[in-house]
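The residues making up each chain are set out below.
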Amino acid sequence: MDFKRLSWVLFPVAVVSLVCYPASVTAGDIVHDDDLAPKKPGCENDFVLVKVQTWIDGIENEEFVGVGARFGTTIVSKEKNANQIHLTLSHPRDCCSMPKHKYAGDVIMVDRGNCKFTTKANIAEAAGASALLIINNQKDIHIPAVMMPQDAGASLEKMLLNTSSVSVQLYSPRRPVVDVAEVFLWLMAVGTILCASYWSAWSARETAIEQEKLLKDAVDEIPDAKAVGVSGVVDINTASAVLFVLVASCFLVMLYKLMSNWFLELLVILFCIGGVEGLQTCLVALLSRWFRRAGESFIKVPFFGAVSHLTLAVTPFCIAFAVVWAIYRKVSFAWIGQDILGIALIITVLQIVHIPNLKVGTVLLSCAFMYDIFWVFVSKKLFHESVMIVVARGDKSGEDGIPMLLKIPRMFDPWGGYSIIGFGDILLPGLIIAFSLRFKLSDLSSHHIPISALYSQAFTS
């Protein structure tokens, strides 16, 4: 198959893969969205544990733990940024009516009950308080209480109406520090990089040997010796490495703004196309070792050009595999098909896209580093949320996120979810490792050449 056409097919998938790569090995927890519940700006804070340190007459005393409210300003996360503020009791204690005097920036302690929490907070703010501590002073409750979202309540109600006996078990498990899934995911990522890098290096070595033989046998018959054996490779230059940041940023913002069910379906289609091409390329390269004759005999197909008989035999299987995964991608074991298509796609991209020297590799990784830092952390100040994390998780699409991820279910995590890693976290280091192996296996490493010459060649070749 024409490598030029293959590179154009894989280009949009590779761009999406590099654009949306979250921090490696993150977890997708079980979350019940409650879109029907009333919401308003300023009531969207995360539930966080809050440390309440006390001082008596300037001497450090007891420390308590509470839970931050969904409303109000966010609480500082570092102790060095937190100030010591005077604590006082509210009058009245429930803070459901305006106090008799102002608090002048004090933290006031109030009792729960008699009015809404937001009412207490509004009254305390109007009285000049800087923060509010709501105390659960009702001691008559001796059973656990769990608040659940509306969709979970509807499911439980349906169970009670349709069955005669329903039982529940309440417990609060702890998440393991390191799950087996993360270890397997790491091994999968490293194995993919090594496989793709050694394949790329070995192919480059075979091409160089074949080119050297052709040059020795018939120098006059080759008008352009540099073009021999490199038509299937796309080299990244410095300008394209810098341009990557701008293109990727624009594409990421487009994904963030347009993320929805239909747009996710489009990404699934692109992923399937890239996965078919990648799986086909890997299978043909692997099977051609045993079916050399079928791999070397070609037939002309309209639009596709000259295609080997082996490619024609493998392609229907690849298409069927991708279609079956797309149809059943929401079932529990669909991650297996997604990982197979993803690994094949990554290996194929690393086989086609090459870094020609360390200078380009340094520029590319530096730009990717700045891109990652900006869209994961700095974007929170501009968009009030991490744009890359939102896109990678598919928060606005109502599904589990974009398919350009390798994922494994958390096997021993009682909360379930997946350990995931983005394609970009594999492709970017894979490009550097593949270059290093190609350089190591090149003819330069087998000759007695000074280290300074090798270093210069690596940066300028």
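Now for a look at the structure at hand. These numbers were taken from a predicted model, which means no experiment stands behind them.

### Overview of the pairing of strand β8 (residues 298-301)
- In the sheet, β8 pairs with strand β9 (residues 305-308) via 4 bridges, with the strands oriented antiparallel. Looking at β9, one finds that I299 is bridged to V307.
- Here β8 hands over to β9 after 3 residues, with F303 in that stretch at a positive phi of 75 degrees.

### Description of a nonpolar patch on the surface
- Taken together, the side chains of V180, V183, F184, W186, L187, M411 and F412 define a hydrophobic patch exposed on the protein surface, amounting to about 710 Å² of accessible area.
- Within the secondary structure, W186 is located in helix α4 (residues 180-217).
- On the basis of relative accessible area, W186 is assigned to the exposed category, the value being 52%.

### A look at the state of the cysteines
- Counted under the stated rule, the structure contains 1 disulfide.
- Here C96 engages in a disulfide with C115; their sulfurs sit 2.1 Å apart. Across the S-S bond of C96 and C115 the torsion is about -85 degrees, and the bridge reads as left-handed. Of this pair, C96 sits in the loop between β4 (87-89) and β5 (107-111) while C115 sits in the loop between β5 and α2 (117-126), and the two are 19 residues apart along the sequence.
- The thiol sulfur of C95 is not disulfide-bonded, and the nearest other cysteine sulfur, from C96, lies at 7.2 Å.
- Judged by relative accessible area, which is 2%, C95 ranks as buried.

### A word on the nonpolar core
- Ranked by internal contacts, the top residues of the largest apolar core, which has 63 residues, are W325, I355, L364, L406 and F423.
- Broken down by element, the residue count for this core peaks at 10 residues, all from helix α6 (residues 261-287).
- Setting aside anything within four residues of it in sequence, one finds I355 in contact with I236, V360, G361, L364, L431, I432, F435 and R438.
- Membership of the second largest hydrophobic core comes to 8 residues, among which are Y103, I123, A127 and A129.

### Section: the pairing of strand β12 (residues 418-422)
- Most of β12 is tucked away, with 4 of its 5 residues classed as buried.
- In this sheet, β12 lies alongside strand β11 (residues 405-409) in antiparallel orientation, the contact comprising 5 bridges. Looking at the pairing, L405 lines up with G422 of β12.

### Details of unusual backbone geometry
- The residue after H91, namely P92, is reached through a cis peptide bond having omega 5 degrees.
- Position of P92 relative to the elements: it lies in the loop between β4 and β5.
- Even without being glycine, C95 reaches a positive phi, approximately 55 degrees.
- Tracing the chain through its elements places C95 in the loop between β4 and β5.
- The phi dihedral of H384 falls on the positive side, at around 65 degrees, and the residue is not glycine.

### Some remarks on the packing of helix α9 (residues 334-352) against helix α12 (residues 424-441)
- α12 packs onto α9 with a crossing angle of 35 degrees between their chain directions and a minimal axis gap of 10 Å. Here α9 and α12 pass one another in a crossing that is right-handed. Mapping the contact onto sequence places I346, V349 and L350 in α9 and I426, L427, G430 and L431 in α12.
- Partitioned by chemical class, the residues of the contact of α9 with α12 number 6 nonpolar, 1 polar and no charged.

### As for the pattern of salt bridges
- This structure, assessed with the given rule, holds 3 salt bridges.
- The partner of R93 in a salt bridge is D111, with the nearest N and O atoms 3.4 Å apart. Pair noted here: R93 is in the loop between β4 and β5 and D111 is in strand β5, with a separation of 18 residues, a long-range link.
- Here R93 falls in the partly exposed class, since its relative accessible area comes to 38%.
- Ionic pairing is found between E182 and R410, a salt bridge with its closest N-O pair at 2.6 Å. Of this pair, E182 sits in helix α4 while R410 sits in the loop between β11 and β12, and the two are 228 residues apart along the sequence.
- Accessibility expressed as a relative area gives 18% for E182, which makes it buried.
- You can call R410 buried: its relative accessible area is 8%.

The rules behind the values
- Residues numbered from 1 in each chain as written.
- Predicted model: local features only at pLDDT ≥ 70, side-chain atom pairs only at ≥ 80, totals over all residues.
- Heavy atoms only, no water.
- Pairing = 2+ DSSP bridges.
- Helix = DSSP H or I, 4+ residues; strand = E, 2+ residues; numbered from the N terminus.
- Patch = residues over 30% accessible without salt bridge, like charges linked within 9 Å, V, L, I, M, F, W, Y side chains within 5 Å.
- Areas by Shrake-Rupley, 256 points an atom, 1.4 Å probe, with all protein chains shown as cover.
- Salt bridge = Lys/Arg side-chain N within 4 Å of Asp/Glu carboxyl O.
- Buried < 20%, exposed > 50% of the residue type's maximum accessible area, 1.4 Å probe, protein only.
- Disulfide = S-S within 2.5 Å.
- Core = buried A, V, L, I, M, F, W, Y, C linked by side-chain atoms within 4.5 Å.
- Contact = heavy atoms within 4.5 Å.
- Axes fitted to C-alpha atoms, helices over the stretch in contact; angles between N-to-C directions.
- Left-handed = near helix turned anticlockwise from the far one by under 90°.
- Nonpolar A, V, L, I, M, F, W, Y, C, P; charged D, E, K, R; others polar.

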